[in-house]
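# An overview of the molecular structure
Letter by letter, the chains look like this.
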Amino acid sequence: MSIIKKDISKSKKPQDQYEEYCDVARQIERNGTWTEAAKAYFKAGEYAESKLEDFKEASVCYEKSADCYRNGLSPQAYEIYRGWIEICLKRGIWKCAIKLSFEIGYIYEKQFCDVEISKEFYDWGDDLRREHNQKHVCLFTQDYIVKYWQKISHGYIHEVDIIEALKSEKMIDALFKTVCRKCVPLWEIHYKYYIEIRDANSFKDIQNPYLKLRHHVKCGSPA
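Per an unreviewed UniProt entry, the protein goes by the name Alpha-soluble NSF attachment protein and belongs to Thelohanellus kitauei.

### Focus on the packing of aromatic side chains
Within this structure, the stated rule accounts for 9 aromatic pairs. On the numbers, 6.0 Å between centres and 70° between planes, the contact of Tyr-78 with Phe-121 is edge-to-face. Of this pair, Tyr-78 sits in helix 5 (residues 77-90) while Phe-121 sits in helix 7 (residues 115-131), placing them 43 residues apart in sequence. Across this residue pair, the class does not change: Tyr-78 and Phe-121 are buried. Consider the rings of Tyr-108 and Phe-121, whose centres lie 5.8 Å apart with planes at 15°: the pair is stacked. One end of the pair, Tyr-108, is in helix 6 (residues 94-110); the other, Phe-121, is in helix 7, with 13 residues separating them in the sequence. Each member of the pair, Tyr-108 as well as Phe-121, is classed as buried. Connected via pairs of aromatic rings, a cluster forms that spans Tyr-78, Tyr-81, Trp-84, Tyr-108, Phe-112, Phe-121 and Trp-124. Across from the ring centre of Trp-124, 4.3 Å away, lies the NZ or CZ of Arg-82, which sits over that ring.

Quick notes on the rules
All residue numbers here refer to positions counted from 1 along the written sequence of the relevant chain. Whole-chain, interface and lining totals are the exception, using all residues; otherwise, since this is a predicted model, local features are given only for residues with pLDDT of at least 70 and side-chain atom pairs are given and counted only at 80 or more. The side-chain figures draw on all heavy atoms in the structure; neither hydrogens nor water molecules are used. In this analysis, rings of Phe, Tyr and Trp, with Trp reduced to its six-membered ring, are considered paired at centre separations within 6.5 Å, and the interplanar angle assigns stacked below 30 degrees, edge-to-face beyond 60, and tilted for intermediate values. By the criteria applied, helices consist of DSSP H or I runs no shorter than four residues and strands consist of E runs no shorter than two, each listed in order from the N terminus. A 1.4 Å probe rolled over the protein chains alone gives each residue an accessible area, and that area as a share of the maximum for its type sets the label: buried under 20%, exposed over 50%, partly exposed in between. Only lysine NZ and arginine CZ atoms are considered, and such an atom sits over a ring when it is within 6 Å of the ring centre and within 35 degrees of the ring normal.

Rendered as structure tokens:
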């Protein structure tokens, strides 16, 4: 923590102090020191929340802190993830809080292999959904992913560049729909693939999409 204190002590304005906290956190993260980076991002989040009362920035920092702890499979990720959801609730964005509950539940189920904590987050999402009378119909079904896979594999096989179609508002909007404990695994497949597509300029930039999605979803030959 000494590197944080040393760098931040030079600043006087609250906004400048916050930005310096973030700069230090990013520097530590680039060095691959996950635990220290997580602490630094958490410190920045606390500062944004308490001094600036900027819950949006605090939420971003808590997310980064949790992800750093997650990279090291640290048990400290638990409190940060809970804090991230609570910040969303403070900001009044309960739909985001619900979605996060299921995403984090899945992280604990698959990455931390902790069924108890996974269930805690899943149940939290269910409780919030009931509290806000939010109805949910699973968008990310097996059929949805199969059709998505067919669209991509068709472009890949026939050398048709459909990258812009895959970046369309309709495709992106689907990623921000609510999920549940049943459909969140398929949502994760879709989201990871979207990240690669988002950063690609053409189909050539995507590493073998045909085989990649086929690995996740078994279906017949594309039309």
